[in-house]
Amino acid sequence: MNEALAILTEAITDVGCWNWWTEHFPDCFQVEFSGVQLWNEPRNPAEPPSGILALRFSGLKSVCFLTRNADETPEDWADRLKNDEFEQSPSVSFGEFTFEPDRLGEILEAAERFDVVFGLNPAQIDVQQSPALLAFWAGEMGVCVMADRMDILNVHGPVLLNEISAKHAAWWEYWKKYWEVYDTPQALPLDYACEVTIPAETLEEAKGEL
């Protein structure tokens, strides 16, 4: 896999959540994540940097919602996610998120129900003819998108693929600073992504207290 896509996968799946999606068929389909470990300049010094990242697909060939356990998952979960009706956004399942055509099969095989909302069933499409592909699970809910193009967007606008590595490294520098000044007068604004990405020494201390 392209190195930048591998880094993007890590940045999204470590502590990220799938918090929204939208569509303008036939033009585009977009998924949005929170808690993404890519650095963005804060819009306001009193607030943490935004962890929101969107992936927008155009030249669509297939958009298919996936349900892993159909009997125990609301049939209208996709609409509820789009309408912000979940109390908590589902966490992206680590190890079950891919841009790789070779891994598409294992994602699809876990689905009990397929809801194709645009184009063809992904199983009917030659993956080599789909330059942009995304398939992932967020618990019992998932999606597969096959398209000609994928654009990456944050709160400031488009993000180029060749910027991903530097933005990920910058986020980790920020994370180190966050914990260096944590619980001091210089503490940075509360940041969900940093709070759930706990330093290893803190984890060891917590284990020692159990």
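Since we're looking at a predicted model, the values are computed, not measured. (Residues numbered from 1 in each chain as written. Predicted model: local features only at pLDDT ≥ 70, side-chain atom pairs only at ≥ 80, totals over all residues. Heavy atoms only, no water.)

Participant: Can you explain the environment of Glu173? Please cite residues and give values.
Facilitator: Mapped onto the fold, Glu173 is located in helix 4 (residues 164–180). Exposure remark for Glu173: the relative accessible area of 48% places this residue in the partly exposed category. Separated by 104 residues in sequence, Glu173 and Asn69 place their C-alpha atoms 39 Å apart. (Helix = DSSP H or I, 4+ residues; strand = E, 2+ residues; numbered from the N terminus. Buried < 20%, exposed > 50% of the residue type's maximum accessible area, 1.4 Å probe, protein only.)

Participant: Run through the side chain of Thr197, naming residues and quoting values.
Facilitator: Positionally, Thr197 belongs in the loop between helix 5 (192–196) and helix 6 (200–209). Taking the relative accessible area as the measure of exposure, Thr197 reaches 9% and is therefore buried. Excluding residues within four positions of it along the chain, Thr197 makes contact with Asp14, Val15, Gln37, Trp171, Trp172, Trp175 and Trp179. (Contact = heavy atoms within 4.5 Å.)

Participant: Tell me about the packing of helix 1 (residues 3–13) against helix 4, and please be specific about residues and values.
Facilitator: Running from N to C, helix 1 and helix 4 cross one another at 35°; their axes reach a closest spacing of 9 Å. The interaxial crossing formed by helix 1 with helix 4 has left-handed handedness. Between helix 1 and helix 4, the residues in contact are Ala4, Ile7, Leu8, Glu10 and Ala11 and Ile164, Ser165 and His168, respectively. Of the residues assigned to the contact of helix 1 with helix 4, the class counts are five nonpolar, two polar and one charged. (Axes fitted to C-alpha atoms, helices over the stretch in contact; angles between N-to-C directions. Left-handed = near helix turned anticlockwise from the far one by under 90°. Nonpolar A, V, L, I, M, F, W, Y, C, P; charged D, E, K, R; others polar.)

Participant: Break down the confidence of the model for the protein chain for me, citing the residues and quoting the values.
Facilitator: Taken residue by residue, the protein chain gives an average pLDDT of 92. The fraction at 70 or more is 94%. When the criterion is pLDDT under 50, residues 203–210 qualifies, and its contacts beyond four places in sequence or with other chains add up to one contact. (pLDDT = per-residue confidence, 0-100.)

Participant: Which residues make up a negative patch on the surface, and what values do they have?
Facilitator: On the surface, Glu75, Asp76, Asp79, Asp84 and Glu85 cluster together into a negatively charged patch. Mapped onto the fold, Asp79 is located in helix 2 (residues 77–82). (Patch = residues over 30% accessible without salt bridge, like charges linked within 9 Å, V, L, I, M, F, W, Y side chains within 5 Å. Areas by Shrake-Rupley, 256 points an atom, 1.4 Å probe, with all protein chains shown as cover. Salt bridge = Lys/Arg side-chain N within 4 Å of Asp/Glu carboxyl O. Lys, Arg positive; Asp, Glu negative; His and termini not counted. Charge placed at Lys NZ, Arg CZ, Asp CG, Glu CD.)

Participant: Please give an account of the pattern of salt bridges that cites residues and values.
Facilitator: Oppositely charged side chains can pair when the atoms bearing their charge come close. Enumeration according to the criterion identifies seven salt bridges in this entry. Across the pair Lys176 and Glu173 runs a salt bridge whose closest N-O atoms are separated by 3.5 Å. Taken as a pair, Lys176 and Glu173 lie in helix 4 at a separation of three residues, close to a single helical turn. Relative accessible area serves as the criterion here: at 42%, Lys176 is assigned to the partly exposed category.

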